[in-house]
Protein chains: 2
Amino acid sequence: MAKARSALPRSCICIVFTALSLVCVQAQTDPLPSWNDTAPKKAIIAFVEKVTKEGTPNFVPADQRIATFDNDGTLWVEQPMYVQLAFMLDRVKQLAPKHPEWKTTQPFKGVLDGDMKAVAATGERGLVQLMAATHAGMTVDQFQKIVTDWLATAQQPRFKRPYTQCVYQPMLELLAYLRANNFKTYIVSGGGVEFMRPWTEEVYGIPPEQVVGSSIKTKFEMVDGKPDLMRLPEIDFIDDKEGKPVGINQYIGRRPIAAFGNSDGDQQMLEWTAEGDGQRFMLLVHHTDAKREYAYDRESSFGRLDKALDEANARGWTVVDMKKDWKVVFPPGI
Amino acid sequence: MAKARSALPRSCICIVFTALSLVCVQAQTDPLPSWNDTAPKKAIIAFVEKVTKEGTPNFVPADQRIATFDNDGTLWVEQPMYVQLAFMLDRVKQLAPKHPEWKTTQPFKGVLDGDMKAVAATGERGLVQLMAATHAGMTVDQFQKIVTDWLATAQQPRFKRPYTQCVYQPMLELLAYLRANNFKTYIVSGGGVEFMRPWTEEVYGIPPEQVVGSSIKTKFEMVDGKPDLMRLPEIDFIDDKEGKPVGINQYIGRRPIAAFGNSDGDQQMLEWTAEGDGQRFMLLVHHTDAKREYAYDRESSFGRLDKALDEANARGWTVVDMKKDWKVVFPPGI
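Residues numbered from 1 in each chain as written. Chains lettered and ligands numbered in written order. Predicted model: local features only at pLDDT ≥ 70, side-chain atom pairs only at ≥ 80, totals over all residues. Heavy atoms only, no water.

Engineer: Would you explain the overall build of chain A in this entry?
Structural biologist: Scanning chain A from terminus to terminus reveals 15 helices and seven strands. Reported as C-alpha extents along the three principal axes, the dimensions of chain A are approximately 90 × 55 × 40 Å. Buried positions account for 52% of the 334 residues belonging to chain A. In chain A, of all internal contacts separated by at least 6 residues, the share reaching a separation of at least 24 is 65%. Accessible surface computed for chain A: about 15600 Å², of which carbon and sulfur atoms make up 55%. For chain A, the distance from the average position of its 40 positive side-chain charges to the average position of its 42 negative side-chain charges is 5 Å. (Helix = DSSP H or I, 4+ residues; strand = E, 2+ residues; numbered from the N terminus. Buried < 20%, exposed > 50% of the residue type's maximum accessible area, 1.4 Å probe, protein only. Contact = heavy atoms within 4.5 Å. Areas by Shrake-Rupley, 256 points an atom, 1.4 Å probe, with all protein chains shown as cover. Lys, Arg positive; Asp, Glu negative; His and termini not counted. Charge placed at Lys NZ, Arg CZ, Asp CG, Glu CD.)

Engineer: What am I meant to see in the packing of helix α12 (residues 243-251) of chain A against helix α13 (residues 267-274) of chain A here?
Structural biologist: Pairs of packed helices are described in terms of their axes, by the angle between the two and the distance that separates them. Residue and element names in this part refer to chain A. The geometry of α12 relative to α13 is characterised by a closest axis approach of 7 Å and an angle of 55 degrees between their N-to-C directions. By the angle class used here, α12 and α13 are oblique. Contacts between α12 and α13 involve Lys 244, Pro 245 and Ile 248 on the former and, on the latter, Gln 268, Met 269 and Trp 272. Looking at side-chain class alone, the contact of α12 with α13 contains four nonpolar, one polar and one charged residues. (Axes fitted to C-alpha atoms, helices over the stretch in contact; angles between N-to-C directions. Parallel < 35°, antiparallel > 145°, perpendicular 65-115°, else oblique. Nonpolar A, V, L, I, M, F, W, Y, C, P; charged D, E, K, R; others polar.)

Engineer: Would you explain the interface of chain B and chain A in this entry?
Structural biologist: How big an interface is tends to be stated in terms of the accessible area lost upon association of its parts. Taken together, the contact pairs 41 residues of chain B with 41 residues of chain A. Taken together, both faces of the contact between chain B and chain A bury some 3300 Å²; the carbon and sulfur share is 50%. It is B:Glu209, B:Phe220 and B:Gln250 that lose the most area in chain B upon contact with chain A, and together they represent 20% of the buried surface on that side. Run the count over chain B and chain A and you get 10 salt bridges. Residue A:Lys226 is joined to B:Glu275 by a salt bridge in which the shortest nitrogen-to-oxygen separation is 3.8 Å. For the interface between chain B and chain A, the tally reads 24 residue pairs in polar contact (both at pLDDT 80 or more). Those elements that provide at least two residues to the side of chain B that touches chain A are α2 (10-28), α8 (140-153), β2 (184-192), β3 (211-223), β4 (226-237), α12 (243-251) and α13 (267-274) of chain B. (Buried area = accessible area lost by both parts, 1.4 Å probe. Salt bridge = Lys/Arg side-chain N within 4 Å of Asp/Glu carboxyl O. Polar contact = N/O pair within 3.5 Å; in protein donor to acceptor, adjacent residues only side chain to side chain.)

Engineer: Hey, could you run me through unusual backbone geometry in this one?
Structural biologist: Along the chain, B:Gln79 connects to B:Pro80 via a cis peptide bond; the corresponding omega equals 0 degrees. With respect to the element layout, B:Pro80 can be found in the loop between β1 (66-69) and α4 (83-95). A cis geometry characterises the amide bond from B:Gln106 onward to B:Pro107, with omega recorded as 5 degrees. With respect to the helices, strands and loops of the structure, B:Pro107 is situated in the loop between α4 and α5 (108-113). The backbone of A:Lys160 shows a phi angle near 55 degrees, a positive value even though the residue is not glycine. Among the structural elements, A:Lys160 can be located in the loop between α8 (140-153) and α9 (169-180). Classification of A:Lys160 by relative accessible area gives exposed; the value is 59%. At A:Lys241, a residue that is not glycine, the phi angle is positive and equals roughly 50 degrees. Relative to the assigned elements, A:Lys241 resides in the loop between β4 (226-237) and α12.

Engineer: How do you make sense of empty space enclosed by the protein when you look at a structure like this?
Structural biologist: In this approach the atoms are scanned with a rolling probe the size of a water molecule, which exposes any empty space left behind. In this structure the tally under the stated criterion is three cavities of 30 Å³ or more. In this structure, the largest cavity spans a volume of roughly 60 Å³. What lines the largest cavity is A:Tyr186, A:Glu209, A:Val212, A:Tyr251, A:Ile252, B:Tyr186, B:Glu209, B:Val212 and B:Tyr251. Of the residues in the lining of the largest cavity, the class split is seven nonpolar, no polar and two charged. (1 Å grid on protein atoms, 1.4 Å probe; cavity = no way out; pocket = protein on both sides within 12 Å on 5 of 7 lines; lining within 4 Å. Points joined across faces, edges and corners; volume = space filled by probe spheres on them.)

Engineer: Help me understand α9(A) in this model?
Structural biologist: Between its first and last C-alpha atoms α9(A) spans 16 Å; for 12 residues at 1.5 Å apiece the expected length is 16 Å, and the two agree. Each element contacted by the buried residues of α9(A) is listed here: α3 (39-51), β1 (66-69), β2 (184-192), α11 (200-204), β5 (258-261) and β6 (281-286) of chain A. (Expected span 1.5 Å × (residues − 1).)

Engineer: Is there a simple way to explain the sheet that holds β4(A) in this structure?
Structural biologist: Hydrogen bonds between backbone groups are what pair the strands of a sheet, and the pairing can be parallel or antiparallel. Residue and element names in this part refer to chain A. An order of β4-β3-β2-β1-β5-β6-β7 is seen for the seven strands of this open sheet, with the pairing classed as mixed. The open sheet is flanked by β4 and β7 (318-321), the only strands paired with a single partner. When the angles between neighbouring strand axes are averaged without regard to direction, this sheet yields 30 degrees. Summarising the sheet, β1 and β2 pair through four bridges and their orientation is parallel. By the bridge assignment for β2, Ala 67 is matched with Thr 185. (Pairing = 2+ DSSP bridges.)

Engineer: How should I be thinking about the confidence of the model for chain A in this particular structure?
Structural biologist: The predicted coordinates of low-pLDDT regions are not to be read in fine detail. Residue and element names in this part refer to chain A. Summing up the model confidence of chain A, the mean pLDDT is 92 and the portion of residues at 70 or higher is 91%. Here residues 1-14 scores under 50 on pLDDT; set against residues more than four positions off or in separate chains, the count is six contacts. Scored as a whole, the predicted complex attains pTM 0.90, and scored at its interfaces, ipTM 0.89. (pLDDT = per-residue confidence, 0-100.)

Engineer: How should the pairing of β5(A) be read in this particular structure?
Structural biologist: In regular strands, side chains alternate between the two faces of the sheet. All names here are of chain A. Burial along β5 is two-sided: the face carrying Ala 258 and Phe 260 and the face carrying Ala 259 and Gly 261 are both buried. Across three bridges, β1 lies against β5 in parallel orientation. The residue bridging Ala 67 from the neighbouring strand is Ala 258, located in β5. As defined by bridge partners, β5 adjoins β6 across four bridges and the pair is classed as parallel. In the strand pairing of β6, Phe 260 is matched with Leu 283. Taken together, β5, α13 and β6 form a β-α-β motif whose crossover is right-handed. (Right-handed = clockwise from strand over helix to strand, strands pointing away.)

Engineer: So what exactly am I meant to see when it comes to a nonpolar patch on the surface here?
Structural biologist: Where nonpolar side chains cluster on the molecular surface, the patch consists of A:Val128, A:Ile235 and A:Ile238 and spans about 230 Å² of accessible area. Mapped onto the elements, A:Ile235 comes out in strand β4. (Patch = residues over 30% accessible without salt bridge, like charges linked within 9 Å, V, L, I, M, F, W, Y side chains within 5 Å.)

Written as structure tokens, this is what we have:
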């Protein structure tokens, strides 16, 4: 031992000290600078520190640090309507010249006339018709290109910028903070899985294989002599409400230890997460900031937060008051 | 520059050289010691070296290095019958005392009498009945325990040891070699996803979230006041043949650059993999070794290899001749 120690030259010791001090500086840097120092931020940091502290009963091995995030209203804006709905309406308008019959047939007529009441009156059957006309009948690669092209030009109507820039800066920091602590971050959304996968890696740092969502059926077939996957006009899976724990089990096969949502569609995901052993973290984003973003909850058509808010309050889940708890809403410089 | 260089002490230079020589030693170690130096091994190594060489046209970024592996007959033994079928038959026998009616009702009577012809005569309907009786009606956690308990005691009939020890050593080395080169390794199997997930991490180093397989439906519900996922007696998805590219797209959302199988059930997965841009690697394990394992192909009931073998030969995919190309079949010391 003595020999080994004496063989360590002064310069090596310097290197070690420099490395250690770098670690210390990093630990002291605020991992969530866009969050005010209110209860939610403290609760997040306390949870992460607990589950990552080796040798304690709360320690969770890295491979079990699964965190699931809803997308609409949790990571990006869902008002004045779900982004995917805006995509669907735009696509009907774009395809209309090839479908003269849409001028007189609901729900298409309603979309073209801007008469959303007429669209809503067609109910689920109408929605499935719209989905089939806009989301099916092409290969998965073609659909990916359609989504990418649309997102490159479409704008959020209030903020006048691409939807992919209407993401919440505090949540981006939270995703990065969890990953820095060896969490695997997943999206678990009611939105279409193939509507999200083309851009989640660039925008959130979440790769396609960590995106769980609703899906339509696809079929392997030969197209011009080449194998391809065609999108069929048939719903395969709805990843919302009771569907979220089902989707998590199906895709991930492990129960999350942390789950983040903002609406009643996330309630079962949070319940499922809460029920596991050991430390658990459940959080809801409450949209309370009409000035910087939107204020809505129990009465909203999109992202209604009612029963889940009651349950969160009753069970002590963390509720983010956007106005009070977030220093900024959107990424700076946009 | 000169100043910076003179500031580098001799000991640091030593450290750098030591590190470099460690890297060299590692590069010279054979990553596939159980493979003979025949064409398949050379083809695997050539492919991996090509796609990992930065600055060349063949380079593939790490996040796109997706490799998919069939399980039955590719990673573990599938003779004299699929392991999951053995599990199902054992489970019928175990549950029989609670179901006296099975003594006189097919396909259960056939299973209890060891009359597989009678079972086969009940066709797909019979198989679904067996699946429903043995794989459904419990929570996902309960099923996981049933599988784990069974695997802990069941033995492969010829090799007289647990099924999880009847895995192919050369394939374990291949999985490790790919992961060492930043590939993400997935199982894509016709077997039940929840039959595999409890043990793939320990046996193959593949975590549950990287296992794609066939599934039955599950339902979120309250059991004794607690949220749980119940397994329903209804097929959700068959991850075989045309289903494999569908499953890959559904779960992973990216096309693999390398795919490994052993039967006609893998043909479409290999076709789908082959069709992507850039370097691709497709491999079939051909069971040619009756002495050390089993020899079967075009006429086998389990893992039939017929059309896929013709396509592999026609298109120059790599075919492993188990007898000729593998030094050992099973892990040493078992």
